[in-house]
Amino acid sequence: MQLTVWTYEGPPHVGALRIATAMQGVHYVLHAPQGDTYADLLFTMIERRPTRPPVSYTTFAARDLGGNTAEAFKRTARDAVARYAPQALLVGASCTGELIQDDPGGLARALGLSIPVIPLELSAYQRKENWGAAETFYQLVRTLVEPVLPSPATPRPPRAPGVAPSCNILGPAALGFRHRDDLVEVRRLLDALGIRVNVVAPEGATPADLTRLPDADFNVVLYPEIASTAAAWLTRRAGQPATTTIPIGIGATREFVEEVARLAGVDPAPVLARLAGLPPRRSAGAAPLAPAHARLPWYSRSVDSTYLTGKRVFIFGDATHAIAAARMASEEFGFTVVGLGTYAREFARDVRAAAARYGLEALITDDYLEVEAKIAELHPELVLGTQMERHTAKRLGVPCAVISAPMHVQDFPARYAPQMGIEGANVIFDTWVHPLMMGLEEHLLTLFREDFEFHEAPSHLGAAARAPGAEAERAAESFAPSAATTASAPPDAAPSLPPSAAAAVSLTPPVAPAPASSDTLSWSSEAELELKKIPFFVRGKARRNTERYAREHGLALITVEDLYDAKAHFSR
Amino acid sequence: MSDLPGVIGVNLSTSDTASAPPPAPATPSRCVEIHHERGQHQVFCGLTGIIWLHRKIQDAFFLVVGSRTCAHLMQSAAGVMIFAEPRFGTAIIEDRDLAGLADAHRELDRVVTRLLERRPDIRMLFLVGSCPSEVIKLDLARAAERLSATFSPRVRVVDYTGSGLETSFTQGEDACLAALVPSLPATTDTTPSLLVVGTLADVVEDQFRRQFAALGIARVDFFPPRRSTELPAVGPATRFLLAQPFLRDTAQALERRGATHLPAPFPLGAEGTRGWLQAAADAFAVSPATFTAATAAAQDRAERALAHYRPQLAGKRVFLFPDSQLEPVLARFLARELGMTLVEVGTPFLHRAHLAADLALLEALPTTTRLTEGQDVDAQLDRCRAARPDLVVCGLGLANPLEAEGLTTKWSIELVFSPIHGFDQAGDLAELFARPLLRRQRLAL
């Protein structure tokens, strides 16, 4: 048993629902009790889809458990097929349905339906949402494509001369982080390269479309969490290569363009020009609506961005977005990546390898309290995470931008806001920079801390972040009980608590006062005043460090001099 | 999965209970047609009640013993990220628990011990059963007994089920409160006291407290209390009013403790609130003059607030999907106090005895009310589309799709999460129904 207060991923049948909902002409019959129908609101409320997800729940009750549940399943499946006339039927069970072992696959086959039936075995007590999505997509592709393929030994015929190269785009699904807009952006890149898009799946695809997947020359995999299993099978069985680069960020988009150009046998140069480092000079007669050009490279080199240099950033999310964010943060913003992690255990190896590039050990966990403890310990200046890290960061008074699922209604913005491709890089530049204080603003706050109009916790994160200044400070203190860094000290100066201990601290109610740390120690009033000049979110640590220093040096009264001695001591 | 025919009239002269099938009416009722429906239910399970219960009882923690789905339901339905420290969590059953590799009870002890170590402020722990824990027959009653012995006297451990196999949505609160009733201290005091049963918003509770004081009813307790250490005493002199229509088991448990139920309409709207307070006044022999003096001003305020919304709502046709069991009461309010026309009133479960007064008021309407108990969501959606009502009251899964079809909707869950009881909330309650219509008018889209 695992104690969970909040989870990054839903159960695997929600992953299956994300595939069914993305597609057209598919219906999912789910053997599940009343209550599991809550999943509909993920799509109708969070994503604001205007139609109900294509799922029929059996909603069996206790009185059915005696033996009517199998009959209820058959009736639900028959009714669903009659009412919705799908081209293919997914059948499976939620966690409770799995326990009653009715075998939805067998029951559905026994109905003798005239459409393909795809049984899903999703191991609800072991697996999670993304795995469920990947498995469902794979089962759909395999079931529908296998019958139309030639025997495995048949080599793939070369593309006929004069036929434009083509690809499939695999991965965009319902309830995906910016999938809607990424798809548009990636299509733009492929269009500009002269590569035809054969099928996009699962989003918008019908089962009939899936049978056309083998017609393309190769597959573009946008979200490995969802599409890698199916793509690997297509490579193996249909001889279609698949892309491995995720086009998030300028560098990665450049490599993506080169990769697809190579797979398609086309020239990448025209598209690469748009990713160049300097803005094109306006020449007389240039079209006013020239194709989108990457602004990130120039904005990042522009001198106003120097204040971004070395900002310490903590990154957590699904594997695809976390790895991409780390690369962008490091190479395209000039940040220092101080932490990198993921909740996607299936991709732990990739994230560990990425973290190693920044000299870090990846944080692989699905316990948000562990992530919270890590953020508190590292004291980053920017957090790039999920909605949960946004919440954590807000509490700690650290700026944050959201880079990954799990989805929140705010992650479906009305405006066009891709993460991938050229415009994606532009969007990310704005998204990450706006929460930060601009250079001069930051200097002024530091120079004139006494200004009565400056709040206790100067921030433009909004009133919520700064209103309970004292409380936030207390929280900051209690969240990082022994991390020993001041604003300028390197993080490795800090002996840190084991995560469990830190989490235990954070689980106490936030209103609990910080444990009294000074037994025999006292602070001179001047030193207390000086301490107030230290930014509030690191003040707690500064206090603790100073007290530790004082104890180690046998001091009873802490003076201003001691405060600075401690600062020098810990920033070695 | 068809609508079972069988129009059963409500016989209000009998005191039928939900456990026994209603006796055939002597004269078929004209004005309330009750239909029973089975099929796909589009209703939350009882776990969802934790979302308000964990805020109501400030020193209680709700530990769901369930699956990842349970945890996901809770956070999706509640948007719990807004709470820094929710006082609920899920002990997720894993493969090794099912395969017998881990002893589920030992695992549960470990999880609870860790939890209580981390939360020294917790005085009451609810072990909440779920669909998976019911199916694998995990004995939470035994676990609660064992853990209570371990953590007593600091923490009391109580179990109940919020499983969707047994409970729908608000029935979770019923199960929770019913499980608490045996823990209520006993009293042999012969002076009658009043107990108000069912979660109310704190502000409403305070209003009612003042109102009962004005009526001269001195001894009033609310259940559930705001702190688990303040459980009200119960005994033969206890008279209880239900504040919510979904508390069948709790009421029975209280009756077993000797308490007496005061039948009344539910306190939604001016009429309902008046009838509800009147029931208390009658039981405590409050004089008509005192009653009028104590309630006239508030009732007048309620009437004035409702008058403001009546022109916007009168004559509008409303269709209520089943959700919280509040639907028949809301229907009575909408039809009688705001002049709306009831197309269909769905409810997951109809407790005829507790709703007798409200049903009688529906009976008195000149038009027939179609009440549907249970649900077959596809068939119900067909009826709703065919009827094209002016306003649809429904759950979160259905609202946007119906809006996209051009219908105007009101999320029913908001009715459970807003202070709507009492005279001073009657206008607010009307406003919740007027707002979607008003919004439609405002938007030039």
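As the structure is a computational prediction, the values presented were derived from the model and not from experiment.

A.B. asks: Account for the overall build of chain A, with residues named and values stated.
C.D. replies: Across its full length, chain A holds 24 helices and 15 strands. When contacts within chain A are restricted to residue pairs at least 6 apart in sequence, long-range pairs at least 24 apart make up 71% of them. Working note: accessible area of chain A is about 23000 Å², and carbon and sulfur atoms make up 55% of it.

A.B. asks: Lay out the overall build of chain B with the relevant residues and their values.
C.D. replies: Scanning chain B from terminus to terminus reveals 17 helices and 15 strands. Taking 2.2 N^0.38 as the reference for a compact globule, 445 residues should give roughly 22 Å; the C-alpha atoms of chain B span a radius of gyration of 22 Å, in line with that estimate. Over its C-alpha atoms, taken along the principal directions, chain B stretches across nearly 60 × 55 × 50 Å. Out of the 445 residues in chain B, the part that is buried amounts to 60%.

A.B. asks: Which residues make up the UniProt feature "active site" (unreviewed entry) in chain A, and what values go with them?
C.D. replies: Residues and elements named next belong to chain A. Taken from the UniProt record, the annotation "active site" (unreviewed entry) applies to Asp304. Counting through the fold element by element, Asp304 comes out in the loop between helix 12 (296–301) and strand 9 (312–317). In terms of polar contacts, Asp304 uses its side chain to reach the side chain of Ser302, at 2.2 Å.

A.B. asks: So, the domain arrangement of chain A: which residues are in play, and what are the values?
C.D. replies: Residues and elements named next belong to chain A. Structurally, chain A comprises domain 1 (12–127), domain 2 (130–275), domain 3 (303–436 + 468–503) and domain 4 (517–570). Listed per partner, the contact involves four residues of domain 1 and four residues of domain 3. Summed over both sides, the interface of domain 1 with domain 3 buries roughly 390 Å², with 60% coming from carbon and sulfur. Counting the surface domain 1 buries against domain 3, the share from its top three residues, Ile46, Glu47 and Arg48, is 85%. Linking domain 1 with domain 3 are zero residue pairs in polar contact (both at pLDDT 80 or more), by the criterion used here. Of the residues contributing to the side of domain 1 that touches domain 3, the split by class is two nonpolar, no polar and two charged.

A.B. asks: Describe the domain arrangement of chain B, and please don't skip the residues or the numbers.
C.D. replies: What the domain assignment reports for chain B is domain 1 (10–42 + 298–442), domain 2 (46–167) and domain 3 (193–292). Computed over C-alpha atoms, the centres of domain 1 of chain B and domain 2 of chain B are 33 Å apart.

A.B. asks: Account for the environment of Ile422 of chain A, naming residues and giving values.
C.D. replies: As for its position among the elements, Ile422 of chain A is in helix 17 (residues 421–433). Along the backbone, Ile422 of chain A and Val266 of chain A are 156 residues apart, and their C-alpha atoms lie at a distance of 19 Å.

A.B. asks: If you had to explain the pairing of strand 5 (residues 124–129) of chain B to someone new, which residues and values would you point to?
C.D. replies: Residues and elements named next belong to chain B. In terms of burial, strand 5 is largely enclosed, as six of its six residues are buried. Neither face of strand 5 is open: one carries Met124, Phe126 and Val128, the other Leu125, Leu127 and Gly129, and all of them are buried. Pairing of strand 3 (residues 60–66) with strand 5 involves six bridges; the strand directions are parallel. Along strand 5, the bridge assignment pairs Phe62 with Phe126.

A.B. asks: How would you sum up the sheet that holds strand 9 of chain A? Please name residues and give values.
C.D. replies: All names here are of chain A. Read from one edge of the open sheet, five strands run 11-10-9-12-13, paired in parallel fashion. Every interior strand has two partners, whereas the edge strands, strand 11 (363–364) and strand 13 (400–402), have only one. Note: strand 12 (residues 382–385) against strand 13, three bridges, orientation parallel. Within strand 13, the position partnered with Val383 by the bridge is Cys400.

A.B. asks: Residue-level account of the packing of aromatic side chains, with values.
C.D. replies: All names here are of chain B. Taken as a whole and assessed by the stated rule, the structure comprises 18 aromatic pairs over all chains. Between Phe126 and Tyr160, the aromatic rings sit 5.8 Å apart at their centres with planes inclined by 80 degrees, giving edge-to-face as the arrangement. Here the residue Phe126 occupies a position in strand 5, and Tyr160 occupies one in strand 6 (residues 156–161), the gap between them amounting to 34 residues. Classification of Phe126 by relative accessible area gives buried; the value is 0%. Tyr160 gets classed as buried once you look at its relative accessible area, which sits at 5%. Where Phe319 meets Phe321, the ring centres are 5.1 Å apart and the plane angle is 40 degrees; that geometry is what we call tilted.

A.B. asks: So, a negative patch on the surface: which residues are in play, and what are the values?
C.D. replies: Where like charges cluster on the molecular surface, the negative patch consists of Glu98, Asp103 and Glu121 of chain A together with Asp95 of chain B. By secondary structure assignment, the location of Glu121 of chain A is in the loop between strand 5 (117–119) and helix 6 (129–145).

A.B. asks: A description of the packing of helix 22 (residues 525–532) of chain A against helix 24 (residues 560–570) of chain A should follow, citing residues and the corresponding values.
C.D. replies: The packing of two helices is summarised by the inter-axis angle and the distance between the axes. Residues and elements named next belong to chain A. Packing of helix 22 against helix 24 brings their axes to within 7 Å, and their N-to-C directions diverge by 45 degrees. With respect to helix 24, the axis of helix 22 lies oblique. Packed against helix 22, whose contacting residues are Glu526, Ala527, Glu530 and Leu531, the element helix 24 presents Val560, Leu563 and Tyr564 at the interface. Across the contact of helix 22 with helix 24, the residue classes tally to five nonpolar, no polar and two charged.

A.B. asks: Could you give an account of the pairing of strand 3 of chain B, naming the residues involved and the relevant values?
C.D. replies: Residue and element names in this part refer to chain B. Of all seven residues making up strand 3, seven are buried, and the element is well covered by its neighbours. A two-sided burial pattern is seen for strand 3, the buried positions comprising Ala60, Phe62, Val64 and Gly66 on one face and Phe61, Leu63 and Val65 on the other. Where strand 3 meets strand 4 (residues 88–92), five bridges bridge the pair, whose relative direction is parallel. Looking at strand 4, one finds that Leu63 is bridged to Gly89.

A.B. asks: Could you give me a rundown of the side chain of Asp358 of chain B, with the residues and numbers involved?
C.D. replies: All names here are of chain B. Checked against the element boundaries, Asp358 lands in helix 13 (residues 356–363). Classification of Asp358 by relative accessible area gives buried; the value is 0%. There is a polar contact of 2.8 Å between the side chain of Asp358 and the side chain of Arg332. Once you skip the residues sitting within four places of it in the chain, Asp358 turns out to touch Ala264, Pro265, Phe266, Val329 and Arg332.

A.B. asks: Give a detailed account of the confidence of the model for chain A, specifying residues and quantitative values.
C.D. replies: All names here are of chain A. For chain A, per-residue confidence averages 85 on the pLDDT scale, and 82% of positions sit at 70 or higher. This stretch, residues 286–290, has a pLDDT under 50; its non-local contacts, to residues over four places away or in other chains, come to zero contacts. The low-confidence segment residues 457–518 (pLDDT under 50) makes 107 contacts with residues lying over four places distant or belonging to another chain.

A.B. asks: Explain the packing of helix 8 (residues 202–215) of chain B against helix 10 (residues 269–283) of chain B to me, using residue names and the numbers behind them.
C.D. replies: All names here are of chain B. In contact at an axis separation of 11 Å, helix 8 and helix 10 are set at 50 degrees when each is read in the N-to-C sense. The angle between the axes of helix 8 and helix 10 places the two elements in the oblique class. Read as a crossing pair, helix 8 and helix 10 show a hand that is right-handed. Contact residues: helix 8 offers Phe208, Gln211, Phe212 and Leu215, while helix 10 offers Thr273, Trp276, Leu277 and Ala280. A breakdown of the residues in the contact of helix 8 with helix 10 according to their chemical character gives six nonpolar, two polar and no charged.

A.B. asks: Describe the sheet that holds strand 10 (residues 260–261) of chain B, and please don't skip the residues or the numbers.
C.D. replies: Residue and element names in this part refer to chain B. In spatial order, the strands read 8-7-9-10; together these four strands make up an open sheet with parallel pairing. Looking along the sheet, the strands with just one partner apiece sit at the ends: strand 8 (220–223) and strand 10. Of the strands in this sheet, strand 7 (193–197), strand 8, strand 9 (238–242) and strand 10 are in contact with helix 9 (residues 248–256), which crosses strand 9 at around 175 degrees.

Conventions and cut-offs
- Residues numbered from 1 in each chain as written.
- Chains lettered and ligands numbered in written order.
- Predicted model: local features only at pLDDT ≥ 70, side-chain atom pairs only at ≥ 80, totals over all residues.
- Heavy atoms only, no water.
- Helix = DSSP H or I, 4+ residues; strand = E, 2+ residues; numbered from the N terminus.
- Contact = heavy atoms within 4.5 Å.
- Areas by Shrake-Rupley, 256 points an atom, 1.4 Å probe, with all protein chains shown as cover.
- Rg over C-alpha atoms; globule rule 2.2 N^0.38 Å.
- Buried < 20%, exposed > 50% of the residue type's maximum accessible area, 1.4 Å probe, protein only.
- UniProt positions renumbered as here; feature names shortened; annotations may be inferred.
- Polar contact = N/O pair within 3.5 Å; in protein donor to acceptor, adjacent residues only side chain to side chain.
- Domains from an automatic or database assignment.
- Buried area = accessible area lost by both parts, 1.4 Å probe.
- Nonpolar A, V, L, I, M, F, W, Y, C, P; charged D, E, K, R; others polar.
- Pairing = 2+ DSSP bridges.
- Phe/Tyr/Trp six-rings, centres within 6.5 Å; stacked < 30°, edge-to-face > 60°.
- Patch = residues over 30% accessible without salt bridge, like charges linked within 9 Å, V, L, I, M, F, W, Y side chains within 5 Å.
- Salt bridge = Lys/Arg side-chain N within 4 Å of Asp/Glu carboxyl O.
- Lys, Arg positive; Asp, Glu negative; His and termini not counted.
- Charge placed at Lys NZ, Arg CZ, Asp CG, Glu CD.
- Axes fitted to C-alpha atoms, helices over the stretch in contact; angles between N-to-C directions.
- Parallel < 35°, antiparallel > 145°, perpendicular 65-115°, else oblique.
- pLDDT = per-residue confidence, 0-100.
- Left-handed = near helix turned anticlockwise from the far one by under 90°.

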